[in-house]
Amino acid sequence: MKSAPSLAPEHIVETACPLDCPDGCSLNVTVQDGRITAIDGSTANPITDGYICAKVRRFTERVYGADRLLYPAVRKGPKGTGARFERVSWHDALSLVAEKMREARDTWGGESILPYSYGGSNGLLTQDTGDATLFRRMGTSRLARTVCAAPTGAANGALYGKMPSVTYPDYPEARLIIVWGVNPSASGIHMVPYLRDAQRRGAKLVVIDPRTTPLARQADLHLAIKPGTDLPVALAIHRYLFENGFADRAFLDAHTRNADRLREKAMPWTFERAAAEADVPVELVARLADWYATSSPALIRCGWGQERNRNGGNSSLAILALPAVGGKFGVRGGGYAMSNTEAWGIQRTWIGSPEPSTRRVNMNQLGRVLIEGDPPVKVLFVYNSNAAATSPDQGRVLSGLERTDLFTVVFEQVMTDTAHYADVLLPATTFLEGYDIVRAYGPIGLRLARPVIESVGEARSNAEVFSELSRLLELNEATDPSGEIEEMLDVFAKMPAAIGDSLRDHGAAVPLYEGRPVQFVDVMPRTADHIVDLFPEALDREAPAGLYTYRPDPATTEFPLALISPASERTISSTLAELPRPEVRLLMHPSDAAARHLEDGAAVRIFNALGEVRCNLQVGTWIRPGTVSLPKGLWRRHTANGYTANALVPDTLTDLGGGACFNDARVEVEAVVN
Ligand SMILES: Nc1nc2c(c(=O)[nH]1)N[C@H]1C(S)=C(S)[C@@H](COP(=O)(O)OP(=O)(O)OC[C@H]3O[C@@H](n4cnc5c(=O)[nH]c(N)nc54)[C@H](O)[C@@H]3O)O[C@H]1N2
Ligand SMILES: Nc1nc2c(c(=O)[nH]1)N[C@H]1C(S)=C(S)[C@@H](COP(=O)(O)OP(=O)(O)OC[C@H]3O[C@@H](n4cnc5c(=O)[nH]c(N)nc54)[C@H](O)[C@@H]3O)O[C@H]1N2
Ligand code: SF4
Ligand SMILES: [Mo]
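Residues numbered from 1 in each chain as written. Chains lettered and ligands numbered in written order. Predicted model: local features only at pLDDT ≥ 70, side-chain atom pairs only at ≥ 80, totals over all residues. Heavy atoms only, no water.

**Student:** Describe the packing of aromatic side chains, listing the residues and the values that go with them.
**Tutor:** Tallied over the entire structure, the rule returns 22 aromatic pairs. Centre to centre, the rings of Phe135 and Phe381 are 5.5 Å apart; their planes meet at 70°, and the pair counts as edge-to-face. Of this pair, Phe135 sits in helix 4 (residues 130-138) while Phe381 sits in strand 15 (residues 379-383), and the two are 246 residues apart along the sequence. By the burial criterion, Phe135 is buried, and Phe381 matches it. Here the aromatic rings of Trp269 and Tyr550 are separated by 5.8 Å at their centres, their planes lie at 80°, and the arrangement is edge-to-face. (Phe/Tyr/Trp six-rings, centres within 6.5 Å; stacked < 30°, edge-to-face > 60°. Helix = DSSP H or I, 4+ residues; strand = E, 2+ residues; numbered from the N terminus. Buried < 20%, exposed > 50% of the residue type's maximum accessible area, 1.4 Å probe, protein only.)

Dropping the structure here:
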């Protein structure tokens, strides 16, 4: 009998989770003999308080899983699902990438190279550092990073200059909380106990969501509005505030301008009209308006569900304007809560080159630019993103990726849907194998993620790869940091000193405003004059129908159902979608199912003019009639025909910010006849 191998004692490494989730958990990772054996929460971050979500507990299945990319490879044979790859050395892979980039630049100009990344799950070190320096120096096309938060960002930026917003610990101070277009039970679980606490202390909870989310079940009021109709609802509340003496004149005079122009736009939106458009009972809209008018502290938690449609920018603007008109600022627990990504006001001064004035490509129209772009895209460099799974108009994206004259680099951790289209595959480290600076954006926090294990296989960090590529392209300068550690030290040194020093010395930044800013007390709008312009001219010019103007539902008799694709607890965007999960089904209300003679479990096709998705049906009452839902972040393997919700999503843009209209997909559903 063989004796068991002797094991080194296990040890725990403290780090942080950089995934695209508001919470920014601190983690304890257990390591034995160089391998991760467990991932759990740590109490270093008091807000995430020692517990984490189930998906990150399973992150080792990504690190060591069958889909993990272990070495560089070049494609042999056709592009697309099932493509064959052959292992090459890092030197050969990067030399080939450098050669193709050089050739494209010299023949078609730098704009024929398109770097494609979003970096939602990347902290301050693994996106917009050496990558940005390299692509700027190369004069490539620029990318408008609009797949998420562009409309809310445009609204928050114009109104308040993205001032820090209310954080979880202050939620229990509120008497009324409106959870608007956000489902924290999946998308940011650490918020939930604070909402419960608020309810226990007597706060009313309102949820505005087409689905009966777990929080909606526990809410005092649930407005199950039709997707894309938040603007009429918000304007009806504004109208009520203005018309009934609830507009805070003193606040409006002291801190805002153009309230009258907003009022004018709100006037047509009676409760009746708004309720009809949103397809909800009129008395519920009236009750919501009355509660908002008469409660203080009143908090609006503004999410992202309301931004992903043709009215997304104006909806977010009208929602965020409510606390100004209603006079809800200036008290703890009052005001609004939304992304705090920009709370630190950090400028990326470490990017080693100014931005060139090359063409800017909206990432939501990737398929379009790959097919129709002028100059044509000849080299596509995808990193920190899984475009084939996450971008609108999937059919067109895949057609673009199939172009035989397109050279595609995919720098990835695992064999994603996009990776199957690569000419060169480069294996990336995960956050457990490298450094990053994690930004929480629900709470306000910055925390260092550090390597817990050695790189798996031949995986390399973004810092290493972009600095090596820069050297091969002869674009590096003597003062550039080289590799991961040097880059991190450079970033620390170029941050505001108090933040950089604290991160370097303690692995976390000292909390701003003790992590609990009170709006209009501790923090003021970061607009040029610190005033809230309720009718920003620049946005009025940008919005196709003007500010606060509602654009009607795109449904037709042919495609009457609204398809939404919200975040699920299984993945973060499409990250971790490679892990086993229960069968993916389309959620539909019983009345819609009955009208189509469909039963629970039926095989269906969901289709419109753009494409088709095949899967089985789940009939349930936790979605409003007229709306159907598939999870966000699916991979092609999750449906019967290899397409996801994005095959049905138009690549039209939101009214403000050039955002994606994921929830403007209008579809029909029918049984698949075998
Ligand atoms: N587990 C998990 N967590 C995540 C993510 C994930 O994929 N999985 N993604 C992360 C990222 S990238 C982001 S941006 C955030 C997103 O987090 P959330 O803001 O929660 O975003 P969504 O899940 O897109 O939508 C939230 C809710 O809006 C509803 N909704 C859809 N359309 C409308 C509408 O027109 N109006 C209103 N009022 N509601 C609507 C949906 O039914 C859904 O319940 O979550 C982050 N956290
Ligand atoms: N239908 C539908 N689609 C949506 C949405 C929706 O609501 N509905 N929501 C959208 C939203 S909110 C977002 S934010 C986008 C996100 O879409 P994406 O930006 O595509 O995000 P992910 O799917 O998480 O893919 C990120 C990839 O980067 C890789 N990666 C992570 N870290 C590193 C690293 O350090 N180096 C390298 N080289 N690679 C790394 C991961 O392995 C992962 O495959 O999806 C959007 N797509
Ligand atoms: S995804 Fe969110 S909840 Fe899960 S560990 Fe990361 S920060 Fe925490
Ligand atoms: Mo996102």
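**Student:** Quick rundown of helix 9 (residues 230-243)? Include the residues and the values.
**Tutor:** For helix 9, which comprises 14 residues, the first-to-last C-alpha distance of 20 Å matches the rise-based estimate of 20 Å (1.5 Å per residue) to within 8%. Counting buried positions along helix 9 yields twelve of 14 residues, so the element is predominantly enclosed. Those residues of helix 9 not exposed but buried are Asp230, Leu231, Pro232, Val233, Ala234, Leu235, Ala236, Ile237, His238, Tyr240, Leu241 and Phe242. Gly245 sits one or two residues past helix 9 and shows a positive phi near 75°. (Expected span 1.5 Å × (residues − 1).)

**Student:** Just give me the short version of the state of the cysteines, but keep the residues and values in it.
**Tutor:** Counted according to the given criterion, the structure contains zero disulfides. Between Cys661, a cysteine without a disulfide, and Cys148, which holds the nearest cysteine sulfur, the sulfur-to-sulfur distance is 13 Å. (Disulfide = S-S within 2.5 Å.)

**Student:** Any details on the site of ligand 2? Residues and values, ideally.
**Tutor:** In the vicinity of ligand 2, 27 residues are found, and the nearest of them are Glu412, Asn462, Ser574, Thr575 and Asn646. Within the backbone of Asn386, a nitrogen or oxygen atom sits 2.7 Å from an oxygen atom of ligand 2. In the model, a nitrogen atom of ligand 2 is placed 2.8 Å from a nitrogen or oxygen of the Ser565 side chain. Of the residues assigned to the shell around ligand 2, the class counts are eight nonpolar, 14 polar and five charged. Split by domain, the residues of the shell around ligand 2 number at least three in each of domain 1 (73-145 + 345-446 + 457-512) and domain 3 (561-671). (Near = heavy atom within 4 Å. Polar contact = N/O pair within 3.5 Å; in protein donor to acceptor, adjacent residues only side chain to side chain. Nonpolar A, V, L, I, M, F, W, Y, C, P; charged D, E, K, R; others polar. Domains from an automatic or database assignment.)

**Student:** How would you explain the sheet that holds strand 8 (residues 176-180) if you had to name every residue and give the values?
**Tutor:** The parallel open sheet is built from five strands, whose spatial order is 10-9-8-12-13. The open sheet terminates on both sides in strands that have one partner only, identified here as strand 10 (221-223) and strand 13 (335-337). Ignoring which end each strand starts from, the neighbouring axes of this sheet average 20° apart. In this sheet, strand 10 lies alongside strand 9 (residues 204-208) in parallel orientation, the contact comprising three bridges. Bridge pairing links Val206 to Leu221 in strand 10. Each of strand 8, strand 9, strand 10 and strand 12 (298-302) is contacted by helix 13 (residues 282-294), which is oriented at about 125° to strand 10, the strand it contacts most. The sheet strands contacting helix 14 (residues 312-326) are strand 8, strand 12 and strand 13, and the helix crosses strand 12 at an angle near 165°. (Pairing = 2+ DSSP bridges. Axes fitted to C-alpha atoms, helices over the stretch in contact; angles between N-to-C directions. Contact = heavy atoms within 4.5 Å.)

**Student:** Give me the lowdown on the domain arrangement of the protein, citing residues and values where you can.
**Tutor:** Along its sequence, the protein is organised into domain 1 (73-145 + 345-446 + 457-512), domain 2 (150-341 + 523-542) and domain 3 (561-671). For domain 2 versus domain 3, the distance between C-alpha centres works out to 27 Å. Buried surface at the junction of domain 2 and domain 3, both sides included, amounts to about 1900 Å², of which 53% is carbon and sulfur. The tally of links between domain 2 and domain 3 comes to twelve residue pairs in polar contact (both at pLDDT 80 or more). Of all the secondary structure elements, the ones that give two or more residues to the side of domain 2 that touches domain 3 are helix 5 (150-160), helix 6 (184-187), helix 14 and helix 21 (537-542). When grouped by side-chain class, the residues that make up the side of domain 2 that touches domain 3 number ten nonpolar, eight polar and eight charged. (Buried area = accessible area lost by both parts, 1.4 Å probe.)

**Student:** Tell me about the side chain of Asn386, and please be specific about residues and values.
**Tutor:** Among the structural elements, Asn386 can be located in the loop between strand 15 and helix 16 (387-390). Residue class for Asn386 comes out buried when judged on its relative accessible area of 5%. Residues contacting Asn386, with those up to four places away along its chain left out, are Thr416, Asp417, Thr418, Ser574 and Trp635.

**Student:** Describe the site of ligand 3, and please don't skip the residues or the numbers.
**Tutor:** In the neighbourhood of ligand 3, the contacting residues comprise Cys17, Cys21, Gly24, Cys25, Ile52, Cys53, Val56 and His190. Assessed atom by atom at 2 Å from the grid points, ligand 3 resides in the largest cavity. A class-by-class count of the residues in the shell around ligand 3 yields six nonpolar, two polar and no charged. (1 Å grid on protein atoms, 1.4 Å probe; cavity = no way out; pocket = protein on both sides within 12 Å on 5 of 7 lines; lining within 4 Å. Sits in = over half its atoms within 2 Å of the grid points.)

**Student:** Tell me what's going on with the pairing of strand 12, and back it up with residues and numbers.
**Tutor:** As a general feature of sheets, a regular strand has side chains that alternate between the two faces. Among the five residues of strand 12, five are classified as buried, and the element is accordingly described as predominantly covered. Every second residue of strand 12 is oriented toward a common face, with Ala298, Ile300 and Cys302 on one face and Leu299 and Arg301 on the other, all of them buried. Here strand 8 runs beside strand 12; their pairing, made up of five bridges, is parallel. Looking across to strand 12, one finds that Trp180 is bridged to Cys302. Note that strand 12 and strand 13 share three bridges and pair parallel.

**Student:** Go over the nonpolar core with me, naming the residues and quoting the values.
**Tutor:** Counting 66 residues, the largest nonpolar core has Tyr160, Trp180, Leu223, Leu534 and Tyr548 as the members making the most contacts within it. Sort the elements by how many residues they give to this core and helix 9 lands first, with nine residues. If you look at the next biggest cluster of nonpolar residues, it comprises 54 residues, including Leu114, Leu406, Leu586 and Met588. (Core = buried A, V, L, I, M, F, W, Y, C linked by side-chain atoms within 4.5 Å.)

**Student:** How would you summarise the sheet that holds strand 5 (residues 84-87) if you had to cite specific residues and measurements?
**Tutor:** Reading across the sheet, the six strands line up as 5-4-17-16-15-6 and stay open at both edges, with mixed pairing between neighbours. Each edge of the open sheet carries a strand with a single partner, namely strand 5 and strand 6 (113-116). The mean inter-strand angle of the sheet, taken between neighbouring strand axes irrespective of direction, is 20°. As paired elements, strand 16 (residues 407-412) and strand 17 (residues 424-427) share four bridges and run parallel to each other. Among the inter-strand pairings, Glu412 is bridged to a residue of strand 17, identified as Pro427. Packed onto the sheet, helix 3 (residues 90-108) meets strand 4 (73-76), strand 6, strand 15, strand 16 and strand 17 and runs at close to 130° relative to strand 17.

**Student:** Please give an account of the layout of surface pockets that cites residues and values.
**Tutor:** Taken as a whole, the second largest pocket holds about 580 Å³ of empty space. What lines the second largest pocket is a set of 23 residues, among which Arg211, Ser568, Glu569, Gln618 and Pro631 lie closest to the centre. Looking at the lining of the second largest pocket, the elements that each hand over two or more residues are helix 6 and strand 22 (585-588). Class assignment of the residues belonging to the lining of the second largest pocket gives a composition of ten nonpolar, seven polar and six charged. (Points joined across faces, edges and corners; volume = space filled by probe spheres on them.)

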